[in-house]
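One letter stands for each residue in the lines below.
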Amino acid sequence: MTANAHYVIARNSYQLGDVENFTFHAEETLEELPDVPDLLAQLSFFYAESGQVAQAIDRANRALEVVDRVGKPAGVTANKWVDQVYQLKAEANYALGRAYLTRMSRTEDRAEDPNLKKSIEYLQIALRLEPRHDFACFRLGFAERNSNNAGGALMAYGKAVAIGEVAAQPAKTQLEDVLSIVKESMPDSEWAEKTVQEVVDQASIELEESVNVNQQERAQLILELQQQELQQQK
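Reading the values: rules and limits
Residues numbered from 1 in each chain as written. Predicted model: local features only at pLDDT ≥ 70, side-chain atom pairs only at ≥ 80, totals over all residues. Heavy atoms only, no water. Helix = DSSP H or I, 4+ residues; strand = E, 2+ residues; numbered from the N terminus. Expected span 1.5 Å × (residues − 1). Buried < 20%, exposed > 50% of the residue type's maximum accessible area, 1.4 Å probe, protein only. Polar contact = N/O pair within 3.5 Å; in protein donor to acceptor, adjacent residues only side chain to side chain. Salt bridge = Lys/Arg side-chain N within 4 Å of Asp/Glu carboxyl O.

> What should I look at first to understand helix α8 (residues 150-163) in this one?
Each α-helix winds once per 3.6 residues, and so residues spaced three or four apart point in a common direction. End to end, α8 covers 20 Å across 14 residues, agreeing with the expected 20 Å (1.5 Å per residue, within 8%). Burial analysis of α8 places 13 of its 14 residues in the buried class, the great majority of the element. After α8 finishes, the residue Gly 164 shows a positive phi value of roughly 75 degrees.

Spelled out as structure tokens, the structure:
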């Protein structure tokens with residue numbers, strides 16, 4: 001009963017954007033019920049954003065492990081379960097990417113930093129799971145910029161702009177900055193000839209392609225789960 005009460009308060013606090021109360025009650029819930037994937041994934045996000053790297057990595061990895069282990073609960077439709085799994089895994093991978101980005105070296109040779117490479121890997125996974133994750137696009141843009149991949153940075157920032165959510169404006173500012181540098185230092189690059197809007201338009205096309213692939217993968221997984229359920233009923 002105590003764990004359930006903490007869970008309800010945590011969920012309400014999360015909906016209200018009350019991070020402090022959410023964190024407290026979520027952790028209290030996990031003391032008694034350690035395998036609650038939504039709380040683990042959401043905690044990993046907040047810990048990553050606040051620079052609490054060890055906590056973010058721990059909660060994210062636990063969330064991924066629980067989701068893979070527990071499987072679809074009885075009474076939950078295949079559609080709803082697949083949506084939940086993709087969302088939770090996207091959030092956990094985003095948190096891992098964000099956490100390793102915090103660990104990135106601040107020296108000039110950071111392009112080869114293994115933490116930066118891990119960050120890019122996790123952020124790319126998050127975007128395969130949820131292509132419209134604007135925070136992941138924005139952070140990937142920053143990571144690619146620090147790895148000296150101008151094209152990757154421009155496309156990631158462009159997608160964040162195209163999505164049009166919270167990260168859109170800061171992403172546009174960064175896109176303009178990177179494009180200005182490209183035009184000055186790499187005048188022969190294909191990107192040097194593009195305007196900001198042209199980059200956003202190209203990123204938008206790639207974004208929609210990613211969304212379509214993602215939807216096809218989800219549909220295939222839903223079909224497989226439904227077929228498994230039919231087999232079990234026979």
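> Explanation requested: the side chain of Ser 189 in the structure shown.
Looking at where Ser 189 falls in the secondary structure, it is placed in the loop between α9 (168-185) and α10 (196-233). Looking at Ser 189, the relative accessible area reads 18%, which means it is buried. Of the polar contacts made by the side chain of Ser 189, one reaches the backbone nitrogen of Trp 191; its length is 3.1 Å.

> Looking at this structure, I do not really get the pattern of salt bridges. What am I missing?
Side chains carrying opposite charge are able to pair once their charged atoms draw close together. Inspection of the entire model under this criterion finds 16 salt bridges. Across the salt bridge formed by Arg 69 and Glu 65, the nearest N and O atoms sit 2.6 Å from each other. Of this pair, Arg 69 and Glu 65 both sit in helix α4 (residues 53-70), four residues apart, which is roughly one turn of that helix. Residue Arg 69 is classed as partly exposed on the basis of its relative accessible area of 46%. In this structure, Glu 208 and Arg 132 form a salt bridge, with 2.4 Å as the shortest nitrogen-oxygen distance. Note that Glu 208 is positioned in helix α10 and Arg 132 in the loop between α6 (114-129) and α7 (134-146), a separation of 76 residues in sequence. Linked by salt bridges that have partners in common, Glu 27, Asp 58, Arg 59 and Arg 62 make up one network.

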